[in-house]
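# A closer look at the structure
Read off the chains here:
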Amino acid sequence: LWAYAGLHLAHERGFDLPLARAIAPIPLFSTFLLGLAAAAVASITVAFGFQTARRFDPTPRLLAFSVGLFAAVMVLCP
Amino acid sequence: VSSAILRAAEHFHGHVALLSTAALYHPAFLLRRSKRRAVAACLAAAALVTLTAALGAAIYPAYRSELKPAIFASSPVIGMIFERKEHLGVGAVILAWAGVLLHLRGRDDDGERRGGRSAFVAFIGAAVFATTAATMGVLVAVFKTF
């Protein structure tokens, strides 16, 4: 969600990554694919980079914050 | 692609969108208790919302070339509503699959599902996003269609 929102904001400000333009000519699709790639990298990093079983403890609040942030970005900066 | 096919795909997209929006509330309701197992409901809801997004993505290029300029020319507000709707739809897909993955985590020693509360939050977020996107989609479809 953070990657998608960040890429979307960059697109709205006119700062499209060259990679995004290369992936797909339609910004919606390239933003989604790059966001998906970022999510995969982040998930693998968290899965293999942290050994503590308590790593899921803050996730509900972090996820709720991320949902709110994503909604705010999309509503305020379409 | 003929306009008849686009119109049929658009209608199918709209009906599946409403169905998947309702479906997303099912796992959200079931997962309010962390120990509850609801793999089939989670997978079915995520699959439905993904089908909705895939149908939307299929007709999106035609929307950009045929409808978007006309909508923005006649009503920029409706155009901006559509721009918001598509991103909220993507958010619903992301959160639905995040909810599935979190729900499929194993259990702790006390029987609580690890990530169970997070799966609940993810499906609530997906359901709210899908509801908002579906409502916006109906507003746009009433205004202009293929």
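Nothing here was measured: the structure is a model prediction, and the numbers come from that model.

What counts as what
Residues numbered from 1 in each chain as written. Chains lettered and ligands numbered in written order. Predicted model: local features only at pLDDT ≥ 70, side-chain atom pairs only at ≥ 80, totals over all residues. Heavy atoms only, no water. Helix = DSSP H or I, 4+ residues; strand = E, 2+ residues; numbered from the N terminus. Buried < 20%, exposed > 50% of the residue type's maximum accessible area, 1.4 Å probe, protein only. Contact = heavy atoms within 4.5 Å. Areas by Shrake-Rupley, 256 points an atom, 1.4 Å probe, with all protein chains shown as cover. Lys, Arg positive; Asp, Glu negative; His and termini not counted. Charge placed at Lys NZ, Arg CZ, Asp CG, Glu CD. Buried area = accessible area lost by both parts, 1.4 Å probe. Salt bridge = Lys/Arg side-chain N within 4 Å of Asp/Glu carboxyl O. Polar contact = N/O pair within 3.5 Å; in protein donor to acceptor, adjacent residues only side chain to side chain. Nonpolar A, V, L, I, M, F, W, Y, C, P; charged D, E, K, R; others polar. 1 Å grid on protein atoms, 1.4 Å probe; cavity = no way out; pocket = protein on both sides within 12 Å on 5 of 7 lines; lining within 4 Å. Points joined across faces, edges and corners; volume = space filled by probe spheres on them. pLDDT = per-residue confidence, 0-100. Phe/Tyr/Trp six-rings, centres within 6.5 Å; stacked < 30°, edge-to-face > 60°. Expected span 1.5 Å × (residues − 1). Axes fitted to C-alpha atoms, helices over the stretch in contact; angles between N-to-C directions. Parallel < 35°, antiparallel > 145°, perpendicular 65-115°, else oblique. Left-handed = near helix turned anticlockwise from the far one by under 90°. Core = buried A, V, L, I, M, F, W, Y, C linked by side-chain atoms within 4.5 Å.

### Overview of the overall build of chain B
Counting its regular elements, chain B contains 4 helices and 0 strands. Residues classed as buried in chain B amount to 50% of the 146 residues present. Put simply, of all contacts in chain B between residues at least 6 apart along the chain, 76% involve residues at least 24 apart. Carbon and sulfur atoms form 68% of the exposed surface of chain B, whose accessible area is close to 6800 Å². Side-chain charges in chain B split into 16 positive and 8 negative, and the spacing between the mean points of these groups amounts to 4 Å.

### Quick notes on the interface of chain B and chain A
Between chain B and chain A, the residue contacts involve 23 residues of the former and 20 residues of the latter. Summing both partners gives a buried area of about 2000 Å² for chain B against chain A, and 81% of it is carried by carbon and sulfur. By the criterion of area lost to chain A, the three top residues of chain B are Arg84(B), His87(B) and Phe129(B), representing 26% of everything that side buries. At the surface where chain B touches chain A, the tally comes to 0 salt bridges. Linking chain B with chain A are 2 residue pairs in polar contact (both at pLDDT 80 or more). Classifying every residue of the side of chain B that touches chain A by side-chain character gives 12 nonpolar, 5 polar and 6 charged.

### Quick word on the layout of surface pockets
Residues and elements named next belong to chain B. Of the pockets and cavities examined, the second largest pocket occupies roughly 900 Å³. In terms of lining residues, the second largest pocket is bounded by 38 residues, among which His13, Ala17, Thr52, Gly56 and Lys85 are the most central. Its residues assigned to classes, the lining of the second largest pocket shows 23 nonpolar, 11 polar and 4 charged.

### Observations regarding the pattern of salt bridges
Residues and elements named next belong to chain B. Following the criterion strictly, the structure yields 1 salt bridge over all chains and no others. Here glutamate 83 ties to lysine 68 by a salt bridge, and the two come within 3.4 Å at their closest N and O atoms. Of this pair, glutamate 83 sits in helix α3 (residues 76-103) while lysine 68 sits in helix α2 (residues 39-74), placing them 15 residues apart in sequence. Of the two residues examined, glutamate 83 and lysine 68, each falls in the buried class.

### Comments concerning the confidence of the model for chain A
Looking at chain A as a whole, the pLDDT averages 84, with 87% of positions reaching at least 70. By mean pLDDT, helix α2 (residues 18-23) of chain A is the weakest element of chain A at 83, and helix α4 (residues 59-76) of chain A is the strongest at 91.

### Considering the environment of Val67(A)
Inspection of the secondary structure puts Val67(A) in helix α4. Each C-alpha atom of the pair Val67(A) and Leu1(A) lies 7.4 Å from the other, and the pair is 66 residues apart in sequence. If we ignore the near neighbours within four places in the chain, the residues touching Val67(A) are Leu1(A), Leu95(B), Gly125(B) and Phe129(B).

### With respect to the packing of aromatic side chains
Counted by the stated rule, this structure contains 5 aromatic pairs over all chains. Ring pairing ties together the aromatic residues Phe29(A), Tyr60(B), Tyr63(B) and Phe82(B), which thus form one cluster.

### A closer look at helix α3 (residues 27-49) of chain A
With 23 residues, α3(A) should reach 33 Å at 1.5 Å per residue; the first-to-last C-alpha distance of 32 Å fits that figure. Considered for burial, the residues of α3(A) that qualify are Leu28(A), Ser30(A), Thr31(A), Leu34(A) and Gly35(A). Among the structural elements, α1 (2-12) and α2 of chain A together with α2 and α3 of chain B are those in contact with the buried residues of α3(A).

### Focus on the packing of helix α1 (residues 3-30) of chain B against helix α4 (residues 116-143) of chain B
All names here are of chain B. Orientation of α1 relative to α4, taken along the N-to-C sense of each, is 160 degrees, at an axis distance of 8 Å. Compared by their axis directions, α1 and α4 come out roughly antiparallel. You can see that α1 and α4 cross each other, and the crossing is left-handed. Where α1 approaches α4, its residues Leu18, Thr21, Leu24, Tyr25, Pro27 and Ala28 are matched on the opposing element by Phe120, Phe123, Ile124, Ala126, Ala127, Val128, Ala130, Thr131 and Ala134. Considering only residue class, the contact of α1 with α4 consists of 13 nonpolar, 2 polar and no charged.

### As for the nonpolar core
By size, the foremost hydrophobic cluster in this structure holds 54 residues, and its most contacted members are Leu24(B), Phe123(B) and Phe129(B). Put simply, the parts of the chain that give this core at least two residues each are α1 and α4 of chain A together with α1, α2, α3 and α4 of chain B. Here this core gets 12 residues from one element, more than from any other, and that element is α4(B). Residues contacting Leu24(B), with those up to four places away along its chain left out, are Ala45(B), Val49(B), Ala96(B), Phe123(B), Ala126(B), Ala127(B) and Ala130(B).

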